Amino acid sequence: MRKHGSVHSDTLLQPHSAVLVSVALLLTPRPWCMHGAGRLLLFYTARRRDGTLCIGVAASASNLPTGPFADALGQPLLCRPDGAIDPHVFIDRRGDDATPHLLWKDDSNARGARTTIFLQRLRADGLGLEGAPKPLLSNDP
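Because the structure is a prediction, the values reported are computed rather than measured.

Chemist: Would you take a moment to explain the overall build of the protein chain for this structure?
Modeler: In terms of helices and strands, the protein chain carries 0 helices and 11 strands. Expressed as a percentage of its 141 residues, the buried residues of the protein chain come to 43%. Intrachain contacts of the protein chain at a sequence separation of at least 6 include 42% that bridge at least 24 residues. By element, 52% of the accessible surface of the protein chain is carried by carbon and sulfur atoms, the whole surface being about 7,700 Å².

This is the structure we're talking about:
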């Protein structure tokens, strides 16, 4: 069993088999958690069968950070041709509500190209994205 931060990779239940190869290959060193839809949600990076890195979301059946977790969508939350990695949830607490956003990075640097960090609004339940991603920062390859 590999341990990443405080989350054990075998804590997750088997995700939708057509979407993710294996949670044993969980790539996110420290998956990001948030409460959404009355559950604890875990955002993580994993490979699809075609090798593309995607961001997934799993929900805790027990609402505890130790899980167990199960795939919440049956498909990736976010997948791009160059890959999507390093999810981080940011809660904007300005105004009357707390609006969740997903920060993430495309994986273009894996092939020596320019890479960008994006911000995109999450639905209040954390199970979907709203609007278009906004580029925040890019490198010069």
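Next comes the rest of the description.
Chemist: I tried to follow the confidence of the model for the protein chain on my own but got confused; where do I start?
Modeler: Detailed reading of the predicted model is not advised wherever pLDDT is low. Across the protein chain, the average pLDDT comes to 77, with 77% of residues at or above 70. Ignoring residues within four places in sequence, the model shows residues 1–25, a span with pLDDT below 50, making 51 contacts including any to other chains.

Chemist: Sorry if this is basic, but what is going on with the environment of Asp106 here?
Modeler: Counting through the fold element by element, Asp106 comes out in strand β9 (residues 99–106). Residues Asp106 and Ile85, spaced 21 residues apart in sequence, show a C-alpha to C-alpha distance of 6.2 Å. Apart from the residues within four sequence positions on either side, Asp106 is in contact with Arg80, Gly83, Arg114, Thr115, Thr116 and Phe118.

Chemist: I would appreciate a short explanation of the nonpolar core in the present structure.
Modeler: Soluble globular proteins tend to bury their nonpolar side chains together. In this structure, Leu41, Phe43, Leu102, Trp104 and Leu122 are the most contacted members of the largest nonpolar core, which totals 15 residues. For this core, the secondary structure elements donating two or more residues are β4 (39–47), β5 (53–60), β8 (84–92), β9 and β10 (116–122). Here the element with the most residues in this core is β5; it accounts for 3 residues. Residues in contact with Phe43, not counting those within four places in the same chain, are Pro31, Trp32, Met34, Gly56, Val57, Leu77, Pro87, Val89, Leu102, Leu122 and Gly126. One finds Leu40, Leu42, Ala46 and Phe69 within the second-largest nonpolar core, a separate group that totals 6 residues.

Chemist: Before we go on, may I ask you to explain unusual backbone geometry in this structure?
Modeler: As a rule of thumb, non-glycine residues mostly have phi less than zero, and peptide bonds are mostly trans rather than cis. Look at Asp86: it is not a glycine, yet its phi comes out positive at around 60°. Mapped onto the elements of the fold, Asp86 is located in strand β8. Relative accessible area serves as the criterion here: at 40%, Asp86 is assigned to the partly exposed category.

Chemist: Could you clarify how one ought to interpret the state of the cysteines in this entry?
Modeler: Covalently bonding the sulfur atom of one cysteine to the sulfur atom of another cysteine gives a disulfide. Per the stated rule, a full pass over the model turns up 1 disulfide. The disulfide partner of Cys54 is Cys79, and the gap between their sulfur atoms is 1.8 Å. Remark: Cys79 occurs in strand β7 (residues 78–79) and Cys54 occurs in strand β5; sequence separation between them is 25 residues. According to the relative accessible area criterion, Cys79 is partly exposed, its value standing at 29%.

The rules we used
- Here, residues in each chain are numbered from 1, in the same order as that chain's written sequence.
- Totals for whole chains, interfaces and linings use all residues, but because this is a predicted model, local features are given only for residues with pLDDT of at least 70 and pairs of side-chain atoms are given and counted only at 80 or more.
- Side-chain measures were taken over the full set of non-hydrogen atoms in the model, leaving aside hydrogen atoms and water.
- In this text, helices come from DSSP runs of H or I with a minimum length of four residues, and strands from runs of E with a minimum of two, each type numbered from the N-terminal end.
- Only protein chains enter the calculation, and the probe is 1.4 Å; a residue is then buried if its accessible area is under 20% of its type maximum, exposed if over 50%, and partly exposed in between.
- Residues are treated as being in contact if the distance between any of their heavy atoms lies within 4.5 Å.
- For every accessible area listed, the method is Shrake-Rupley and the probe measures 1.4 Å; residues are considered covered only by the protein chains on display.
- Scored between 0 and 100, pLDDT is the confidence that the predictor attaches to each residue.
- Here the nonpolar core consists of buried residues drawn from Ala, Val, Leu, Ile, Met, Phe, Trp, Tyr and Cys, with membership extended through side-chain atoms lying within 4.5 Å.
- In what follows, a disulfide is any cysteine sulfur pair within 2.5 Å.

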